[in-house]
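Coordinate inspection notes
If you want the building blocks of each chain, they are given just below.
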Amino acid sequence: MAYVITSACMDEKAADCVDVCPVDCIEEGPDQYYIDTDICIECGACEVACPVGAVYYDADLPEEEKGFLEKAENFFKNR
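Read on for an overview of the structure. (Residues numbered from 1 in each chain as written. Predicted model: local features only at pLDDT ≥ 70, side-chain atom pairs only at ≥ 80, totals over all residues. Heavy atoms only, no water.)

Topic: empty space enclosed by the protein
The test is simple: Of the grid points, spaced at 1 Å and generated over the protein atoms alone, those admitting a 1.4 Å probe that cannot get out make up cavities, while open sets with protein on both sides within 12 Å along at least five of seven lines make up pockets; any residue with an atom within 4 Å of a point is treated as lining. Grid points are joined across faces, edges and corners, and a volume is the space filled by probe spheres set on the points. Throughout this entry, Asp, Glu, Lys and Arg are counted as charged residues, while Ala, Val, Leu, Ile, Met, Phe, Trp, Tyr, Cys and Pro are counted as nonpolar. The remaining residues, Gly among them, count as polar.
Enumeration according to the criterion identifies two cavities of 30 Å³ or more in this entry. What lines the largest cavity is a set of 14 residues, and nearest its centre among them are Cys9, Ala14, Ala15, Cys17 and Cys50. In terms of residue class, the lining of the largest cavity is built from 11 nonpolar, no polar and three charged. Of the pockets and cavities examined, the second largest cavity occupies roughly 60 Å³. Every residue along the wall of the second largest cavity is listed here: Tyr3, Cys21, Pro22, Val23, Cys25, Cys40, Ile41, Glu42, Cys43, Gly44, Ala45 and Cys46. Within the lining of the second largest cavity, the residues separate by chemical class into 10 nonpolar, one polar and one charged.

Right, here's the structure in full:
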């Protein structure tokens, strides 16, 4: 389990989450930021810091945002 950055980040890319992550697991992609689920320690700092409410714990993802977990996994697999 980990946190996931969702659609509200797309084109916004505020990056507040990057600054607060204690393990540097958030990376910038072409259209949004992504959390590496293999590195995330589930501290929740990113969720609190996000000014647009784009970060969810993966178990709490709204149905319409569930594709963003796979999108993040693919981002890190294809680097």
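Moving on, there is more to tell.
Observations regarding the pattern of salt bridges
What counts is decided by this rule: Salt bridges are defined as contacts in which a side-chain nitrogen from Lys or Arg sits within 4 Å of a carboxyl oxygen from Asp or Glu. A run of H or I in DSSP counts as a helix once it spans at least four residues, and a run of E counts as a strand once it spans at least two, with each numbered from the N terminus. To sort residues, take the accessible area from a 1.4 Å probe on protein chains only and compare it with the maximum for the residue type: under 20% means buried, over 50% means exposed, and anything in between is partly exposed.
By the definition in use, this model includes three salt bridges. A salt bridge links lysine 13 to glutamate 28; the nearest nitrogen and oxygen atoms lie 2.9 Å apart. Of this pair, lysine 13 sits in the loop between strand S1 (3-5) and helix H1 (16-20) while glutamate 28 sits in strand S2 (residues 26-28), placing them 15 residues apart in sequence. Residue class for lysine 13 comes out partly exposed when judged on its relative accessible area of 22%. Ionic pairing is found between aspartate 31 and lysine 71, a salt bridge with its closest N-O pair at 2.8 Å. Separated by 40 residues along the polypeptide, aspartate 31 in the loop between S2 and strand S3 (33-35) and lysine 71 in helix H3 (residues 67-77) bring together distant segments of the chain.

Considering the environment of aspartate 11
Relative to the helices and strands, aspartate 11 is located in the loop between S1 and H1. Residue class for aspartate 11 comes out exposed when judged on its relative accessible area of 71%. For aspartate 11 and glutamine 32, which are 21 residues apart along the polypeptide, the C-alpha to C-alpha distance reads 6.4 Å.

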